[in-house]
Each structure stands twice: as structure tokens, then as C-alpha cells.
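Summary of structural features
Each chain, letter by letter, is given below.
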Amino acid sequence: MFYSFARVVVRILVFLINGNAHYENKEQLPKGAYILVGPHRTWFDPIYFALAASPMKFSFMAKEELFKNPIIRFILVHANVFPVNRAHPGPSAIKRPVKILRQGKLSLIMFPSGTRHSKELKGGALIIAKMSGVPLVPTVYQGPLSFKQLFSRKRITVRFGEPIYVGSKAKTDKAGIAKIDDQMQAAFNQLDQEINPDFKYNPTQKKD
């Protein structure tokens, strides 16, 4: 209930602030639960990912420091956000999203690079996909990178790619992780080119 209400409120707010969002290739989205994976380019790209893939509802990972404030913790918990210790993730960082995905009611939004300034992909998405039996859906965001820039009403595009089906026999060793990482990165590059052939992401760009 809270998630559905919050999504309506957020959709109205982002329309009033920007009003120029475009969601492409929604037909690629699987019918059941899945993991949206994408390069993390701004703090609000998960919001646009979730809006773009509606009516599917999502769970999210967030650093545990955000849960220290009781008011913020209440909002996060009711918005299907769960804490992760980035320095020492532990087994729960895998077990919890796997449990959520297996239930089939929520999908997961995940940024394999971990931070907005890293291009290095990690193996967590592969392991979670394999254990839960759900596909990875490559997704990219192109648009403003700061809250201030949103008010320029510059076009925002979220585009979905073809699902990557991991399979229960997928290897999770270094070679297996590298294989899936290469597939994801190739998909991100392709989606970026399909949106705008001249697109270049500059993580050092000033985000005021």
C-alpha cells in the first residue's frame, strides 16, 4: 500500500519537476520477477528505473548508514528498501534479495558497479540471479545528473534491453562472473548507442 501510494506521489513530483521522461522497450520486461541492472549515474536513476518498469514493484539495496535516522528508516522499510553493509556485505546481502525474488511479488533494482563513479562490475547480480532463478534485465538512464539539472526539463530516457538468463548451471567463479559482466557491459553500451550514438558518460562532470 505504502509503495503504491509513494509511487503515485513520486510520479507526480518528477512530472512537475521535469515532465520529459521517456521509457523505451518495455516489451522486453519479463512477466515475473527479475533484476533490473544498470550503470549507476545519478542518485535518482533508481527512481526512474522503478517508474519506467511500473506496474512492477521493486525492492532496493541501500547502505545501512541511511537507516540510522528513524524517520528515514520508516520510509525506506515501507518502500521495500533493505540495508547492506558495503564494507562487509555478509551472506544476508545475497540471501535477503534471493528470498524476496523467489516470492515473486517484487523485483529488484541493482547497480552492479556499486557506486556512481565506478565502471567495475561485480558478481553479486550473477549470484542473486542464479540462486533466485530470475533473469537480469540490462537498463540504462540518460539525462540530467543532478537535481538542479532536472528543472531544465532536458529529456530523460530509460531504455530496457533483452533479459539475460543466467541458468542454474552458471559458474560463479572468476571466469563465470567475468562472462556475465561482459554481457551486461555490452548490453549497457548497446542501449546507450540506441538512445544516442553520441552519448558519453562523464562521471567527473560537475553535479551541482
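To keep things clear, this report deals only with the structure shown in the data block. None of the values given here were measured: they were computed from a predicted structure. (Residues numbered from 1 in each chain as written. Predicted model: local features only at pLDDT ≥ 70, side-chain atom pairs only at ≥ 80, totals over all residues. Heavy atoms only, no water.)

Turning next to the packing of helix α1 (residues 2-17) against helix α2 (residues 45-52). If you want to describe how two helices pack, look at the angle between their axes and the distance between the axes. Packing of α1 against α2 brings their axes to within 11 Å, and their N-to-C directions diverge by 110 degrees. In terms of orientation, α1 lies roughly perpendicular with respect to α2. Across the interface between the two elements, Tyr3, Arg7, Val10, Arg11 and Val14 from α1 touch Ile47, Tyr48, Ala50 and Leu51 from α2. Residues of the contact of α1 with α2, tallied by class, amount to 7 nonpolar, no polar and 2 charged. (Axes fitted to C-alpha atoms, helices over the stretch in contact; angles between N-to-C directions. Helix = DSSP H or I, 4+ residues; strand = E, 2+ residues; numbered from the N terminus. Parallel < 35°, antiparallel > 145°, perpendicular 65-115°, else oblique. Contact = heavy atoms within 4.5 Å. Nonpolar A, V, L, I, M, F, W, Y, C, P; charged D, E, K, R; others polar.)

Turning our eyes to something else, we now look at the packing of aromatic side chains. Inspection of the entire model under this criterion finds 9 aromatic pairs. Seen in terms of ring centroids, Tyr48 and Tyr141 are 5.9 Å apart; in terms of plane orientation they differ by 50 degrees. Their pairing is tilted. In this pair, Tyr48 sits in helix α2 while Tyr141 sits in strand β6 (residues 136-142), placing the two residues 93 residues apart along the sequence. Per residue, the accessibility class of Tyr48 equals that of Tyr141, and both read buried. Members of the aromatic cluster, connected to one another through ring pairs, are Trp43, Phe44, Tyr48, Tyr141, Phe147 and Phe151. (Phe/Tyr/Trp six-rings, centres within 6.5 Å; stacked < 30°, edge-to-face > 60°. Buried < 20%, exposed > 50% of the residue type's maximum accessible area, 1.4 Å probe, protein only.)

So, about the nonpolar core. Core analysis: the largest hydrophobic core is formed by 30 residues, its most contacted members being Tyr34, Leu36, Tyr48, Phe58, Ile109, Tyr141 and Phe160. Breaking this core down by element, the ones donating at least two residues are α1, α2, β3 (58-63), β6 and β7 (156-160). When residues of this core are assigned to their parent elements, the largest contribution, 5 residues, is made by α2. Leaving out residues up to four positions away in the same chain, Tyr48 has contacts with Val14, Asn18, Ala21, Tyr23, Tyr141, Leu150, Ile156 and Val158. Membership of the second largest hydrophobic core comes to 27 residues, among which are Ile35, Leu108, Met110 and Ile177. (Core = buried A, V, L, I, M, F, W, Y, C linked by side-chain atoms within 4.5 Å.)

It is at 9 Å that the axes of helix α4 (residues 92-103) and helix α5 (residues 124-132) come closest, and there the two elements cross at 45 degrees. Relative to α5, α4 is oriented oblique. Considering only the axes of α4 and α5, their crossing is right-handed. Here α4 contributes Ala93, Ile94, Pro97, Val98, Leu101 and Arg102 to the contact with α5, which in turn contributes Gly124, Ile127, Ile128, Met131 and Ser132. Among the residues making up the contact of α4 with α5, the classes are represented as 8 nonpolar, 2 polar and 1 charged. (Left-handed = near helix turned anticlockwise from the far one by under 90°.)

Moving on, we come to the sheet that holds strand β5 (residues 107-110). Pairing is mixed in the open sheet, where 7 strands are placed in the order β1-β7-β6-β2-β5-β3-β4. Of all the strands in the sheet, the pair left with one neighbour each is β1 (21-24) and β4 (81-84). Direction aside, the axes of adjacent strands within the sheet are offset by 25 degrees on average. Of the pairings in the sheet, the one linking strand β2 (residues 35-37) to β5 comprises 3 bridges and is parallel in character. The partner of Ile35 across the bridge, within β5, is Leu108. The sheet strands contacting helix α7 (residues 174-195) are β1, β2, β6 and β7, and the helix crosses β6 at an angle near 40 degrees. (Pairing = 2+ DSSP bridges.)

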